[in-house]
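Overview (structure and organization)
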Amino acid sequence: MGGYTKNIAVIRGLKSGFSADGGDLSGLIKAEKYGSSLKVEVSLINFAPLTEGRYVTAISDGTHKQIIENNFFEGHSDVDTGGGFSALTCFVNKQVSPVAAAICGGFRAAALDIREFIEQSERINRTEAAVPQYEDEALAQENYYEYEQTDKDGRSVRENTGEKENARNIYKNEAAAGADEGGADGIEIPLARGECFYKKMQSEIDKLLSDYPAEDGLEKVVENSRWVKISYGGGKFYVFGVIYKGETPQYLCYGVPSKNTRRPPDSLAGMASFIPASEQNADSGFWIMYQDAATGASVKAEVE
């Protein structure tokens, strides 16, 4: 039986038209592997709620693949995430359209056939006699690698800044050529306007708050809030929290530990503000991203 491993990667958007506020899609994928057992948790940030269809994520180690329904999987799987993984989140509603991706370690090529795998799974699961033929796009044309978040061991969420600017230029060129015209390839996206995002995600949020240890320092610094510390191996961790107004959730928060620098990491520019770790320690703390609990929209942060 293989040893226990835990890896994490940041989700980045591929297509416009799927966010709650027109901003960037983001999120986290955590994969834990022990022997033949696999546990995968997917946190989708700023993804708009849907009235039809659903978001489906699949994960790959380059050889084997696993569907992650409802953002969670736990059980036997041949997928080995110990050295890293690739993941793809698709909007599924008659067609399968990739909308976001995550890469951990050197697993870029593993993303290329995940969409086909999801399509095959959808065909198998359909009970209708007539199975529609999906329009097949060349996966190599998708900009799956706009951002890659790994460390030298392929296990961190640190951004690969050396490739960021080139990837941005590629994405802009594709948009200028009409690659993103009409949102998600012209597909009508049935967004659930007016629904409370927090209520839709409450079971997942409650599970995070109950399964992980409390981050007491932040709870003292930020009035009327709850925070947990989520470790993912090698002493690395991030924080998740909920800020309340009275008894009503106002913001969902995601943060990474850092020294109190003037500006956030490039990956969080315009999206995060700094909160000290405790009332006694203002030199270190967390760069925090905020998400509106009612709408799911990301909240822009101004940093001077």
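Look above for the structure.
Let's shift gears to the packing of aromatic side chains. Counted according to the given criterion, the structure contains seven aromatic pairs. Consider the rings of Phe-47 and Tyr-55, whose centres lie 5.3 Å apart with planes at 85 degrees: the pair is edge-to-face. Each member of the pair, Phe-47 together with Tyr-55, is buried. By the ring-pair criterion, three or more aromatic residues cluster together here, those being Phe-18, Phe-47, Tyr-55 and Phe-91. We note Lys-229 situated over the ring of Phe-237; from NZ or CZ to the ring centre the distance is 4.3 Å.

Taken together, eight strands build an open sheet; the order of strands is β5-β4-β7-β8-β1-β2-β3-β6 and the sheet is antiparallel. Both outer strands of the open sheet, β5 (65–68) and β6 (72–76), are each paired with one neighbouring strand and no more. Neighbour-to-neighbour, the strand axes of the sheet open up by a mean angle of 20 degrees, direction not taken into account. When strand β4 (residues 54–60) meets strand β7 (residues 85–93), the two strands line up antiparallel, connected through seven bridges. Bridge pairing links Ile-59 to Ala-87 in β7.

Attention now moves to the pairing of strand β1 (residues 5–13). On a regular strand, each side chain points to the face opposite its neighbour's, so the side chains alternate between the two faces of the sheet. By the criterion of burial, β1 is predominantly enclosed, with nine of the nine residues buried. Alignment of β1 against strand β2 (residues 26–34), held across eight bridges, turns out to be antiparallel. Its bridge partner lying in β2, Ile-11 is registered against Gly-27. Looking at chain direction, β1 and strand β8 (residues 95–104) are connected through two bridges and run antiparallel. Looking at the pairing, Gly-13 lines up with Ala-100 of β8.

Cut-off values and rules
- Residues numbered from 1 in each chain as written.
- Predicted model: local features only at pLDDT ≥ 70, side-chain atom pairs only at ≥ 80, totals over all residues.
- Heavy atoms only, no water.
- Phe/Tyr/Trp six-rings, centres within 6.5 Å; stacked < 30°, edge-to-face > 60°.
- Buried < 20%, exposed > 50% of the residue type's maximum accessible area, 1.4 Å probe, protein only.
- Lys NZ or Arg CZ within 6 Å of the ring centre and 35° of its normal.
- Pairing = 2+ DSSP bridges.
- Helix = DSSP H or I, 4+ residues; strand = E, 2+ residues; numbered from the N terminus.
- Axes fitted to C-alpha atoms, helices over the stretch in contact; angles between N-to-C directions.

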